[in-house]
Amino acid sequence: MLLIHCPHCGPRDEGEFTCGGESHIQRPALSASAEDWAEYLFLRHNPAGVTYERWRHTFGCERWFNVARCTVSHRIEAVYAMTEAKPDIA
Ligand SMILES: [Zn+2]
C-alpha cells in the first residue's frame, strides 16, 4: 500500500487515488507520421526504475498532479504540480 502525498491535502492512502498513466507525453503535430502517432497513442515507457505518472486524488480534492515513482521499490521520489517540469532524479 502506498502513502501518497497529495500536494493539496497531504498524505493519504493509495485507495483514494487513481493513476492516469505516464506523464509528460508530448502530442505530435498533425502532420506527424503514422509511426509517431502510433507511438504517442499506444507506446509507453516501462522502466525498471523511476517513472513519471499522473495521479488524481479521486476521493479527495479531485485534482491531478505528477508523481515520480520507482517501479522496483514503489518508493515515491517526488510529487509535483501538473505545471511543473519533470524533476531530474538520478
Ligand atoms: Zn488532494
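See above for the structure.
Everything quoted here is computed from the prediction, not taken from an experiment. In this convention, every chain numbers its residues from 1, walking through the sequence in written order. Predicted model: local features are reported for residues with pLDDT of at least 70 only, side-chain atom pairs are reported and counted for 80 or more only, and whole-chain, interface and lining totals are derived from all residues.

1. Some thoughts on unusual backbone geometry
Part 1: One non-glycine residue, Glu-62, lies in positive phi territory at about 65°.
Part 2: Elements are defined by DSSP. Helices are runs of H or I of four residues or more, strands are runs of E of two residues or more, and each kind is numbered from the N terminus. Turning to its location among the elements, Glu-62 is positioned in the loop between strand 4 (50–56) and strand 5 (64–70).
Part 3: Here Glu-62 falls in the exposed class, since 10 other C-beta atoms lie within 10 Å of it.
Part 4: The phi torsion at His-74 lies on the positive side, around 65°, for a residue other than glycine.
Part 5: Tracing the backbone shows His-74 in the loop between strand 5 and strand 6 (76–80). Any residue with 12 or fewer other C-beta atoms within 10 Å of its own C-beta is exposed, any with 20 or more is buried, and the rest are partly exposed; the C-beta atoms used are placed from the backbone.

2. Things to note about the environment of Cys-6
Part 1: By secondary structure assignment, the location of Cys-6 is in strand 1 (residues 3–6).
Part 2: Distance in space between the C-alpha atoms of Cys-6 and His-24 is 19 Å, their sequence separation being 18 residues.

3. Thoughts on the environment of Val-72
Part 1: Following the sequence through the fold, Val-72 ends up in the loop between strand 5 and strand 6.
Part 2: Distance from Val-72 to Pro-47, taken between C-alpha atoms, is 9.0 Å for residues 25 residues apart in sequence.
Part 3: By the convention adopted here, residues make contact when the C-beta atoms placed from their backbones lie within 7 Å. Look past the residues within four positions of Val-72 in its chain and what remains in contact with it is Ala-48 and Gly-49.

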